[in-house]
Each structure stands twice: as C-alpha cells, then as structure tokens.
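Summary of the model geometry
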Amino acid sequence: MSEPTTDAGLDWATARGMGALAQKMGMEFLEFSTERCVATLPVEGNTQPVGLMHGGAYVVLGESLGSMAANLHAGPGRLAVGVDINATHTRSATSGVVTGVCTPVHLGRSITVHEIVVTDDQGRRCSTIRITNMIKDAPGR
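Residue positions are given per chain, counted from 1 along the sequence in the order it is written. Owing to the predicted nature of the model, reporting of local features is limited to residues with pLDDT of at least 70; listing and counting of side-chain atom pairs is limited to 80 or more, with chain, interface and lining totals taken over all residues. Where side-chain values are given, they derive from all heavy atoms of the structure, hydrogens and water being excluded.

**Some thoughts on the pairing of strand β5 (residues 111-119)**
Partly exposed describes any residue whose relative accessible area lies between the buried limit of under 20% and the exposed limit of over 50%, with all areas from a 1.4 Å probe on protein chains only and scaled to the type maximum. The secondary structure listing takes helices from DSSP runs of H or I that are at least 4 residues long and strands from runs of E that are at least 2 residues long, numbered from the N terminus. Summarising burial for β5: seven of the nine residues are buried, a large majority. The antiparallel hairpin formed by strand β4 (residues 97-107) and β5 contains three residues in its connecting segment. Any two strands with at least two DSSP bridges between them are considered paired. As judged from the nine bridges shared by β5 and strand β6 (residues 125-137), these two strands associate in the antiparallel manner. The residue of β6 that forms the bridge with Ile116 is Ile129. Hairpin geometry of β5 and β6 is characterised by an intervening segment of five residues between the two adjacent antiparallel strands and by a positive phi of about 80° at Gly123.

**A few points about the sheet that holds strand β1 (residues 28-32)**
Taken in spatial order, the six strands of this open sheet run β1-β2-β4-β5-β6-β3, and their pairing is antiparallel. The open sheet has two edge strands, β1 and β3 (78-89), and neither has a second partner. Recorded for the sheet is a direction-independent mean angle of 20° between the axes of neighbouring strands. Strand contacts of helix α3 (residues 55-74): β1, β2 (37-42), β3, β4, β5 and β6, with the helix running at about 35° to β6, the strand carrying the most contacts. For every element, the axis is a line fit to its C-alpha atoms; helices are fit only across the contacting stretch, and the angle between N-to-C directions ranges from 0 to 180 degrees. Whether two residues are in contact is decided by their heavy atoms: any pair within 4.5 Å suffices.

**Notes on the nonpolar core**
Ranked by size, the top nonpolar core spans 28 residues in total, and within it Phe32, Leu65 and Val98 carry the most contacts. At the level of elements, α1 (6-16), α2 (20-25), β1, β2, α3, β4, β5 and β6 are the ones that each hand at least two residues to this core. Not counting residues up to four positions away in its chain, the partners in contact with Val98 are Ala39, Thr40, Leu41, Val43, Met53, Tyr58, Leu61, Ala93, Val118, Thr119 and Asp120. We define a nonpolar core as any set of buried Ala, Val, Leu, Ile, Met, Phe, Trp, Tyr and Cys residues linked to one another through side-chain atoms lying within 4.5 Å.

**So, α3**
Helices are assigned an expected span. That span is 1.5 Å times one less than the residue count. The end-to-end C-alpha distance of α3 is 28 Å, a good match for the 28 Å that 20 residues give at a rise of 1.5 Å each. When you tally the buried positions in α3, you get 17 out of 20 residues, the bulk of the element. Gly75 sits one or two residues past α3 and shows a positive phi near 85°.

That is the geometry; function is a separate question.
Quick look at the structure:
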C-alpha cells in the first residue's frame, strides 16, 4: 500500500472512528500514518482508586493505536486483528494527559508489530506497549 500523508491517514482514522471504549475514555488522534500514529488520553477519568493512571488505560491507548495503524497498513478489503499485546509500565501519570506514539517494528503482508511509547506531560515514559496483529481478508471477501 502506498504511504498516505499524515492528513489523509488522520482523515481515514477519523472517518473509521476509534471505537466506543476509546471514545468514552477521551482518546484523541493527533497524527495518523503507517509510519507514525499519535494520540492522547486524559488521566482524569482513567485512574485506579488511588489516583494513578490505570495500567489498562495505557493498554487501551496502545491497542487502539497499534490496531488502527495495522488496519491502515492492511489496506482495503483486508482486516488486522490483534493476536498478542504486552505492556511494561514504568511510571504512573497522576494528572494531565498521556501521549502515545506508535511506530512500526514490522509491516508484513500477514503480520504487523508495533511499539507504542506512552509519555506523561513532562515527556517521561510511563508505559511501553508492543502489539502484534494478523492481517487477513475482511469477512465477505
């Protein structure tokens, strides 16, 4: 697939939608291409009972970015589905927003691997997520 411009990729992601969970959590896409995707997520409303950003919220941000990036790479008539995800949390955000930056590790015909680095407002790494997606024909093809 030819590389769409960031604006075209962002238009594609916006038109497709981020899904109900990401929307409820307040996720916002800022950049979108097959080479780099960026989104933010507010800490408020996505915390554990003790006020720290919930680890699962980091994973939702990572999976949303990685899966959407894999689907953009897959192209029309193809579908990317997650087969593995892992996260290492190294810092806890307590306020503001976190930013996820997704970059490809491998973009194949049938498998993609993306790394998502999540940082806080001060640019400190909070979580590193890796997701593997399998690409297959979309249903009905």
